[in-house]
Structures are given as structure tokens and as C-alpha cells.
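This is what each chain is made of:
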Amino acid sequence: MTSALPKIRIRDLHKSFGSKKVLDGINLDVPQGTSFVIIGGSGSGKSVLLRCILGLIIPDSGSIEIDGENILTATDKRREALRGEIGMLFQNAALFDSLPVWENVTFGLLARKRLKRPEARDHAGTILAQVGLDPSVGDLYPSELSGGMQKRVGLARAIAATPDILFFDEPTTGLDPIMGAVIDGLIVDCVKKLGSTAIAITHDMASAQRIGDEAAMLYKGQLIWQGPASSLMNSGNAMVDQFTHGRREGPITMELRK
Ligand SMILES: Nc1ncnc2c1ncn2[C@@H]1O[C@H](COP(=O)(O)OP(=O)(O)OP(=O)(O)O)[C@@H](O)[C@H]1O
């Protein structure tokens, strides 16, 4: 019975900013242990959707359930606790420049007093090793790291509390193609090892196919297609095909004056 319950279930989710409709009736089930990729043009609402699930944006209507619990009707305290159970890798890694790497990695654990500083430092070394970094990197500052190393540290921070749910926002943006593939490999390994449910948003089709089991495309506030990530390049859907192949001509017209 419980195993049939999706880890994340979204129903009829709407969100507008002023007169601008960004999410216009999103329905989505993400089964436990699935890695789900969301694609869509710039400004199509991918980040807003993730931020709604994180509880950082309150939608206008609809429901978002995690393990069957509607987070939109939960108390602020409960919502914050649920947010703490989600690991997030931000687009630019979003590290705190003033903190050494080990404190960046264990920031959430220290903030929630789940570890004392000496334990946190040791724990950071273990997690850094899992993302292919020498534990000594823990004593460096973010400005001393390459972009690829910063992404690894961001990934280490996302997995430090062994979350049930992982979100990846443009995990390969700004990386060379080989480093992008390396980061994707680490993401796949981490998700598998933790048995987590993952949602990634990306414009990188190679990455989407490497990390995703399932995929969906967001267009004009709605999920217009869903299918296996492996079929992204030959989905049979004219809009998805135009997007994934980067064609100027097709049913999607660019609205340049937004
Ligand atoms: N807090 C906000 N207030 C007003 N408008 C917002 C806010 N957050 C997002 N938007 C608008 O919502 C729309 C969707 O933004 P969002 O960041 O989700 O797009 P995206 O699909 O993630 O784009 P990209 O791929 O370029 O990152 C945009 O038009 C954006 O300007």
C-alpha cells in the first residue's frame, strides 16, 4: 500500500506573480527512488516549481504532498522540518565564501545542531571523499576552488544529511562537457547510494539523459509531455523535439519581450 504512494505528488498547482501566470495546473507524481528531470525554456517556471516544493514560494492553489502529507497545509515549523529533509544543489553551488569548505558541507547539520563542530569536520571529510575530493579540501575556502570542485562541494553539502529527496538546479551549467559528465556520474552514484528521490532541472540534454529516469517538459505553465528520459531526443512530441534539438523553427515561438 505505502510503496504505491508517490514520494512527491503535485495536484493542480497554480502560481501567478501579478498578472503573470507561471504555473497553470501542474500535476506530477514522482515515485520513490525515481530520478526525475524537468526541462523547459528560460522563464518557463522550473525554478518556481522547485521553490514551491521546497516551501519557499507559496502557490495560489493546488496541493503538494511529500509521503502523502500536504506541505501547503502543514505548520510553518513542519514545513521547515520537511525542507531540512531535502538536499539541494544550487545552480552556482551557492557556497558561503566566508566559510571553509568543511563548514559549507556541514552547514545544515551544524545549524540544526545535529553535529558538534569536531564531528562535523570529520563528517565533512567523509562526504568530500564520496564526491571525489581529498578531505584536506575541507580547509580551503570556496574562492580557492575551480568551478568543478565548487560543484562537488555543493553536491557534498546536498548529501551531507543523507536526505530522502535531492534537488539539482542546473547541475552542469558553467562546466566543461567532461566535468559535466563527471558531476552527473557523481549525482547518479549519490542518488543510488542514498536511495533518494531526485528532481533535476536542466537545459543540458546530455545531462538530462544521464541523470534522469523520467522526464517532463514545462511549457506555458503546464507539463505538456512526460516520458522516459532516454526518449528526450526522440519523444515524438513536436514541442519537445524542437526544444531538445534546439531548432528555431517549430511550434514553440520565442517571446523575446518578457
Ligand atoms: N519572486 C518572483 N516574483 C515575481 N516573478 C517571479 C518570481 N520568481 C519567478 N518569477 C517569474 O516567474 C517566471 C518563471 O521563472 P523561473 O525562474 O521559474 O524560470 P525557469 O524556468 O527556472 O528559467 P531559467 O531556465 O531561465 O532558470 C519568470 O517570468 C520569472 O520572472
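Model, not experiment: these values are computed from the prediction.

1. Comments concerning helix α7 (residues 177–194)
Part 1: With 18 residues, α7 extends 26 Å between its outermost C-alpha atoms, agreeing within 8% with the 26 Å of an ideal straight helix rising 1.5 Å per residue.
Part 2: Within α7 the residues assigned to the buried category are Gly180, Ile183, Asp184, Leu186, Ile187, Cys190 and Val191. Across the axial projection of α7, the buried residues extend over an arc of 160°, all falling on one side. Within α7, the exposed residues directed more than 90 degrees away from the buried face are Ile178, Lys192 and Lys193.
Part 3: Turning to α7, the residues buried within the fold contact β6 (86–89), α5 (117–130), α6 (147–159), β7 (165–169), β8 (197–201) and α8 (205–211).
Part 4: With a side-chain oxygen lying 2.9 Å from the backbone nitrogen of Ile178, the N-terminal cap of α7 falls on Asp176.
Part 5: Phi turns positive one or two residues past the end of α7, at Gly195, with a value near 65°.

2. A word on α5
Residue pairs three or four apart in sequence face the same way in an α-helix, which turns once every 3.6 residues.
Part 1: Taking 1.5 Å as the rise per residue, α5 with 14 residues should run 20 Å; its terminal C-alpha atoms sit 20 Å apart, in good agreement.
Part 2: Of the residues making up α5, those classed as buried are Ala120, Ala124, Gly125, Ile127 and Leu128.
Part 3: Where α5 is buried, its residues touch α3 (101–105), α4 (107–111) and α6.

3. Some details on the site of the ligand
Part 1: Around the ligand, the neighbouring residues are Phe17, Lys20, Val22, Gly41, Ser42, Gly43, Ser44, Gly45, Lys46, Ser47, Val48 and His203.
Part 2: Ser42 is positioned such that a nitrogen or oxygen atom in its side chain is 3.3 Å from an oxygen atom of the ligand.
Part 3: Taking Gly45, its main chain carries an N or O atom lying 3.0 Å from an oxygen atom of the ligand.
Part 4: Across the complex, the protein chains shield 60% of the 640 Å² of accessible surface that the ligand would expose by itself.
Part 5: The set of elements that each furnish at least two residues to the shell around the ligand consists of β2 (20–30) and α1 (46–53).
Part 6: Looking at which element gives the most residues to the shell around the ligand, the answer is α1, with three residues.

4. A few points about the domain arrangement of the chain
Part 1: When its domains are assigned, the chain resolves into domain 1 (1–85 + 166–257) and domain 2 (94–162).
Part 2: One C-alpha centre belongs to domain 1, the other to domain 2, and the line joining them spans 26 Å.
Part 3: With 16 residues of domain 1 at the contact, the number on the domain 2 side is 11 residues.
Part 4: Of the roughly 1,100 Å² buried at the junction of domain 1 and domain 2 (both faces included), carbon and sulfur atoms supply 72%.
Part 5: By the criterion of area lost to domain 2, the three top residues of domain 1 are Leu186, Cys190 and Leu194, representing 35% of everything that side buries.
Part 6: Where domain 1 touches domain 2, the interface holds zero salt bridges.
Part 7: At the boundary of domain 1 and domain 2, one finds two residue pairs in polar contact (both at pLDDT 80 or more).

5. Some thoughts on unusual backbone geometry
Part 1: Of note, Thr162 is a non-glycine position whose phi angle comes to about 45°, a positive value.
Part 2: Note on placement: Thr162 falls in the loop between α6 and β7.
Part 3: For Glu170, which is not glycine, the phi dihedral falls at a positive 50°.
Part 4: For Glu170, the location among the structural elements is in the loop between β7 and α7.
Part 5: Overall, Glu170 belongs to the buried group, its relative accessible area being 7%.

Basis of the calculations
- Residues numbered from 1 in each chain as written.
- Predicted model: local features only at pLDDT ≥ 70, side-chain atom pairs only at ≥ 80, totals over all residues.
- Heavy atoms only, no water.
- Helix = DSSP H or I, 4+ residues; strand = E, 2+ residues; numbered from the N terminus.
- Expected span 1.5 Å × (residues − 1).
- Buried < 20%, exposed > 50% of the residue type's maximum accessible area, 1.4 Å probe, protein only.
- Arc of directions from axis to C-beta.
- Contact = heavy atoms within 4.5 Å.
- Polar contact = N/O pair within 3.5 Å; in protein donor to acceptor, adjacent residues only side chain to side chain.
- Near = heavy atom within 4 Å.
- Areas by Shrake-Rupley, 256 points an atom, 1.4 Å probe, with all protein chains shown as cover.
- Domains from an automatic or database assignment.
- Buried area = accessible area lost by both parts, 1.4 Å probe.
- Salt bridge = Lys/Arg side-chain N within 4 Å of Asp/Glu carboxyl O.

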